[in-house]
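# Chains, contacts and geometry: an overview
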Amino acid sequence: MKQSLSKSIKWSLGIAVITLVLAAIFSIVSTFLLSGVTWGIGMLIVLIIVLTGIFFDTIGVAATAANEVPFHSMAAEKLPGAKHAVLITRNADRFASFCNDVIGDISGIISGTASAYVVLQLALQMGYHEGSLQQSTIAVIFTSIIAALTVGGKSIGKTLAIQYSTPIIYQVGRLLFLLEVKLKINLLNRNVKTKKNGKTK
C-alpha cells in the first residue's frame with residue numbers, strides 16, 4: 001500500500017514537472033509564432049493548437065479502450081511497433097494522463113491565450129479600440145467558435161478512439177518504434193514479454 005502510494009506520488013510529481021516544462025515550451029513557441037503575424041495566420045495557428053489537443057485526447061482515450069491481446073499476436077509475428085503498443089496498453093492510465101491531462105490541457109490553455117492575441121489583432125485591424133464593445137463582441141464570438149471546435153472535435157475523437165482503438169494504438173506504437181530506430185529516441189522500454197498460445201516468452 002505504502003509502496004503503491006509512493007509510486008503514485010513520484011508519478012504525480014514527475015508529471016507536474018513535465019507539464020511545467022512543456023507548458024513553458026509551448027507558450028514560448030506559440031508566442032514566437034504569433035509575434036508580428038496577421039490575424040488570419042494567427043487563427044490558423046490557434047486551429048493547429050486546438051487540433052493538437054484533439055489529436056492527443058483521441059490517442060489517450062484509445063489507450064484506455066484498447067485490448068492488450070491483439071498486440072501480443074502482432075509482437076509474436078515481430079511486427080514493428082507491436083511491443084510498444086503492448087507497453088502503451090499496459091500503462092494506459094499513465095499514457096492517457098499524459099496525452100489528455102498534460103498535452104490536452106496545455107493545448108487548451110495555450111489556445112485560449114493565442115485566441116486573445118488574435119482577437120486583439122483583428123480588433124485593431126478593424127479600427128476598434130482595446131476594451132471596446134466591438135472587441136468584446138469579437139472576443140465572445142471567436143472564443144465560442146474555438147470552444148465549439150474543441151468540444152466537438154474531442155467528442156468525435158472519443159468516438160473514433162473507442163471504435164478503432166487497436167489500429168490507433170498500433171500506429172502510435174509504430175511511430176514510437178520509428179523514433180527509437182531512426183532517431184535513437186527511446187520513449188518506452190521495449191523489454192516486454194509477449195504471449196503466444198497462452199505462453200509467455
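Look a little higher up for the structure.
The following paragraphs examine the structure supplied in this document. Quick caveat, the model's predicted, so the values are computed rather than measured. (Residues numbered from 1 in each chain as written. Predicted model: local features only at pLDDT ≥ 70, side-chain atom pairs only at ≥ 80, totals over all residues. Heavy atoms only, no water.)

## Things to note about the overall build of the protein
What counts, and what does not: Secondary structure elements follow DSSP: runs of H or I no shorter than four residues count as helices, runs of E no shorter than two count as strands, and numbering proceeds from the N terminus. All radius of gyration figures rest on C-alpha atoms, and the globule criterion is 2.2 Å times the number of residues raised to 0.38. Think of it in three bands: with a 1.4 Å probe and only protein chains considered, a residue is buried below 20% of the maximum accessible area for its type, exposed above 50%, and partly exposed in between. Contacts are assigned to residue pairs that have any heavy atoms within 4.5 Å of one another. Residue-level accessible areas treat just the shown protein chains as cover; the underlying method is Shrake-Rupley with a 1.4 Å probe. As used throughout, the charge tally considers Lys and Arg to be positive and Asp and Glu to be negative, leaving His and the chain termini uncounted. Lysine's charge is taken at NZ, arginine's at CZ, aspartate's at CG and glutamate's at CD.
Of regular secondary structure, the protein possesses seven helices and two strands. For the protein, the N- to C-terminal ordering of α and β elements is α-α-α-α-α-α-α-β-β. Its C-alpha atoms give the protein a radius of gyration of 21 Å, clearly above 17 Å, the size a compact globule of 201 residues would have. The principal-axis extent of the C-alpha atoms belonging to the protein is close to 70 × 35 × 35 Å. By the burial criterion, 35% of the 201 residues in the protein qualify as buried. Pairs at least 24 apart in sequence give 75% of the contacts found in the protein among residues at least 6 apart. For the protein, the exposed surface amounts to about 12,300 Å²; the carbon and sulfur share of it is 66%. Each charge sign in the protein was given a centre, from 18 positive and 8 negative side chains, and these centres are 16 Å apart.

## Things to note about the side chain of N100
When you line up the elements, N100 lands in helix 5 (residues 92–125). Leaving out residues up to four positions away in the same chain, N100 has contacts with F56, D57, G60, V61 and D105.

## Structural notes on unusual backbone geometry
Its identity is not glycine, yet K78 carries a phi of approximately 60°, on the positive side. Within the secondary structure, K78 sits in the loop between helix 3 (69–76) and helix 4 (82–90). Overall, K78 belongs to the exposed group, its relative accessible area being 71%.

## Topic: the pattern of salt bridges
Once the charged atoms of two side chains with opposite charge are near each other, the side chains can pair. For clarity, the cut-off: Salt bridge, as applied in this entry: a Lys or Arg side-chain nitrogen positioned within 4 Å of an Asp or Glu carboxyl oxygen.
One pass over the full model with this rule turns up two salt bridges. A salt bridge links D57 to K158, with the shortest nitrogen-to-oxygen separation between them at 2.8 Å. Here D57, found in helix 2 (residues 39–65), pairs with K158, found in helix 6 (residues 133–163); they are 101 residues apart in sequence, far enough to count as distant. Between E68 and R90 there is a salt bridge whose closest N-O contact spans 2.8 Å. With E68 in the loop between helix 2 and helix 3 and R90 in helix 4, this pair connects stretches of sequence that are 22 residues apart. Residue R90 is classed as partly exposed on the basis of its relative accessible area of 40%.

## Overview of the packing of aromatic side chains
Here is the rule we go by: By convention, a stacked pair of Phe, Tyr or Trp rings (six-membered ring in the case of Trp) has centres within 6.5 Å and planes under 30 degrees apart, an edge-to-face pair has planes over 60 apart, and any other such pair is tilted.
Across all of its chains, the model carries one aromatic pair by this definition. Seen from their ring centres, F55 and F56 are 5.5 Å apart, and the 90° between their planes marks the pair as edge-to-face. Overall, F55 belongs to the partly exposed group, its relative accessible area being 49%.

None of the figures reported here should be taken as evidence of function without further support.
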